[in-house]
Amino acid sequence: MPNASSWSASSPLLLLWEDSSGTRIFLSLLYAVLAISGTLSNVMVIYLVFSFKKLQTTSNAFIVNGCAADLSVCALWMPQEAVLGLLPPNSSSLRSAEYRLLRGGLLGLGLTVSLASHLLVAFNRYVLITKLPSVYQALYQRRHTGCMIGLSWALALLPVPLLPGLWTLGSAQSDGSSRYTALLLALAVLGQTALLLHCYLGIVRRVRGSAKRVSVLNFHLLHQLPFPAAPPPPRRAQRRLSSVSVLLLCCVFLLGTQPLVWVSLLGFFLRPAPPALQAASWLLLCSLSALNPLLYTWRSEEFRRAARSVLPRGEGPAAAPRTVAAA
């Protein structure tokens, strides 16, 4: 049986030194694939938004903020995990408290801002669909949007020093502070998930109940929703496809976040979960950093046109329209 205290004291966050070398190599390759794919997809979304003015909307500003945070995980943290999985367990660099703090800080900063960006995107779309256009325009002025993005980073810097305590998550010998840190993490993610689901389910109710209201809103931002762009299908089919798209986004988000929440709560109130289960729950959460760009752009015709225009054999005429979009 792997010893939980030795796992937390001498290993990377998501790797078990007691596992076979084949398992560690497999996990290292998995981290490498996620790092490469996540870095490329996040950089691509950021590049497209900054290059095409039609994509420079308020919703996409929050998406870019999330992509920048995800790069902290995909481009800076995951490659280190991939390399550390191939090093011998007695490597001196693995036992360095400063190095562990750096890695924990990168992971904590990236995941916190990324989760906050999920919520900002959901709330932005909720206000757009369910409130009057004047309310949306007043709330999402350029200055207010910048303050929201800055606040997400400022709040993310507060819990960074606490993250190394999560390395002892679930250890029978861990101190009370790490257990309470894990509890705070679980409660924070639960609260954020509840707000996000409230926003998206509110959108689904409004779209299903009043498709006409959505169709008459003259906002380019509607193209950034996970709804079909053009040509629109029949109204009933459109409402059904819209609901499925939103629910699919919510399901992927829940799959990535909830295992860690319940593993943390289990370790606090009952008994520590097996180290392998803890590692798997962290891996699911971190994999969201590679999937987020696809979650928010796969249904957008504007993003697809922009991507085709910059990729090989792209459609050149798609790059021509560069009119400024509303909000």
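Residues numbered from 1 in each chain as written. Predicted model: local features only at pLDDT ≥ 70, side-chain atom pairs only at ≥ 80, totals over all residues. Heavy atoms only, no water.

**Considering the side chain of S287**
Phase 1: Inspection of the secondary structure assignment puts S287 in helix 10 (residues 275-297).
Phase 2: The exposure class of S287 is buried, given its relative accessible area of 16%.
Phase 3: If sequence neighbours within four positions are ignored, S287 has contacts with L34 and M78. (Helix = DSSP H or I, 4+ residues; strand = E, 2+ residues; numbered from the N terminus. Buried < 20%, exposed > 50% of the residue type's maximum accessible area, 1.4 Å probe, protein only. Contact = heavy atoms within 4.5 Å.)

**What about the packing of aromatic side chains?**
Phase 1: Enumeration according to the criterion identifies three aromatic pairs in this entry.
Phase 2: For the ring pair F62 and Y140, a centre distance of 6.1 Å and an interplane angle of 70° mean the geometry is edge-to-face. Here F62 is found in helix 3 (residues 58-84), whereas its partner Y140 is found in the loop between helix 5 (133-139) and helix 6 (142-157), with 78 residues between them in sequence. (Phe/Tyr/Trp six-rings, centres within 6.5 Å; stacked < 30°, edge-to-face > 60°.)

**Some thoughts on the nonpolar core**
Phase 1: Counting 60 residues, the largest nonpolar core has L48, L55, M78, L107, L111, Y200 and Y296 as its most contacted members.
Phase 2: At the level of secondary structure, the elements contributing two or more residues to this core comprise helix 2 (21-51), helix 3, helix 4 (97-130), helix 7 (176-209), helix 9 (235-269), helix 10 and helix 11 (301-310). (Core = buried A, V, L, I, M, F, W, Y, C linked by side-chain atoms within 4.5 Å.)

**So, the UniProt feature "transmembrane region" (unreviewed entry) in the protein**
Phase 1: Under the UniProt annotation, the feature "transmembrane region" (unreviewed entry) is placed at residues 25-50, 62-80, 100-123, 144-162, 182-203, 244-270 and 276-298.
Phase 2: For residues 25-50, helix accounts for 100% and strand for 0%, while the C-alpha atoms at its two ends are 37 Å apart.
Phase 3: As annotated, residues 100-123 comprises 100% helix and 0% strand, and the C-alpha atoms at either end are separated by 34 Å. (UniProt positions renumbered as here; feature names shortened; annotations may be inferred.)

**Here's the deal with empty space enclosed by the protein**
Phase 1: Summed over all chains, the structure comprises two cavities of 30 Å³ or more.
Phase 2: One number sums up the size of the largest cavity: a volume of about 80 Å³.
Phase 3: Lining of the largest cavity is provided by F62, I63, G66, C67, D70, S114, S117, H118, V121, N292 and Y296.
Phase 4: The dominant element in the lining of the largest cavity, judged by the number of residues it contributes, is helix 3, at five residues.
Phase 5: In the lining of the largest cavity, the residues fall into five nonpolar, five polar and one charged.
Phase 6: When its volume is computed, the second largest cavity comes out at roughly 40 Å³.
Phase 7: Of all the secondary structure elements, the ones that give two or more residues to the lining of the second largest cavity are helix 4 and helix 10.
Phase 8: Partitioning the lining of the second largest cavity into residue classes produces four nonpolar, four polar and one charged. (1 Å grid on protein atoms, 1.4 Å probe; cavity = no way out; pocket = protein on both sides within 12 Å on 5 of 7 lines; lining within 4 Å. Points joined across faces, edges and corners; volume = space filled by probe spheres on them. Nonpolar A, V, L, I, M, F, W, Y, C, P; charged D, E, K, R; others polar.)

**Points about the pattern of salt bridges**
A side chain with one charge can pair with a side chain of the opposite charge if their charged atoms come near.
Phase 1: Per the counting criterion, the structure on display carries five salt bridges.
Phase 2: The shortest N-O distance in the salt bridge between K54 and E302 comes to 3.5 Å. Of the two residues, K54 is situated in the loop between helix 2 and helix 3 and E302 in helix 11; the sequence distance between them amounts to 248 residues.
Phase 3: With relative accessibility at 22%, the residue K54 sits in the partly exposed group.
Phase 4: With a shortest N-O distance of 4.0 Å, R305 and E302 are connected by a salt bridge. Of this pair, R305 and E302 both sit in helix 11, three residues apart, roughly one helical turn.
Phase 5: Within the structure, one salt-bridge network assembled from shared partners comprises K54, E301, E302, R304, R305 and R308. (Salt bridge = Lys/Arg side-chain N within 4 Å of Asp/Glu carboxyl O.)

**As for the packing of helix 2 against helix 3**
Phase 1: The N-to-C vectors of helix 2 and helix 3 enclose an angle of 155°; their axes lie 8 Å apart at closest approach. It follows that helix 2 is roughly antiparallel to helix 3 by the angle criterion. Where helix 2 crosses over helix 3, the two elements pack in a sense that is left-handed.
Phase 2: Per-class residue counts for the contact of helix 2 with helix 3 are 19 nonpolar, five polar and two charged. (Axes fitted to C-alpha atoms, helices over the stretch in contact; angles between N-to-C directions. Parallel < 35°, antiparallel > 145°, perpendicular 65-115°, else oblique. Left-handed = near helix turned anticlockwise from the far one by under 90°.)

**Points about the environment of Q258**
Phase 1: Topologically, Q258 is positioned in helix 9.
Phase 2: Exposure remark for Q258: the relative accessible area of 13% places this residue in the buried category.
Phase 3: The spacing of Q258 and L284 is 26 residues in sequence and 9.2 Å in space, taken between C-alpha atoms.
Phase 4: Ignoring any residue separated from it by four or fewer positions in sequence, one finds Q258 in contact with V189, L190 and T193.

**A closer look at the packing of helix 2 against helix 10**
Phase 1: At their nearest, the axes of helix 2 and helix 10 sit 9 Å apart, and the two run at 30° to each other. Taken together, helix 2 and helix 10 sit at an angle that is classed as roughly parallel. As helix 2 packs across helix 10, the resulting crossing turns out to be left-handed. Contacts from L30, Y31, L34, S37, G38, S41, N42 and V45 of helix 2 reach helix 10 at L283, S287, S289, A290, P293 and T297.
Phase 2: Here the contact of helix 2 with helix 10 is composed, by residue class, of seven nonpolar, seven polar and no charged.

**A look at helix 3**
Phase 1: When the terminal C-alpha atoms of helix 3 are compared, their 39 Å separation across 27 residues agrees well with the 39 Å that a helix rising 1.5 Å per residue should span.
Phase 2: Within helix 3, the axis deviates most sharply at W77, by approximately 35°, and proline P79 lies no more than four positions further along.
Phase 3: Buried residues dominate helix 3, accounting for 21 of its 27 residues. (Expected span 1.5 Å × (residues − 1). Bend = angle between axes of the 7 residues up to and from the residue.)

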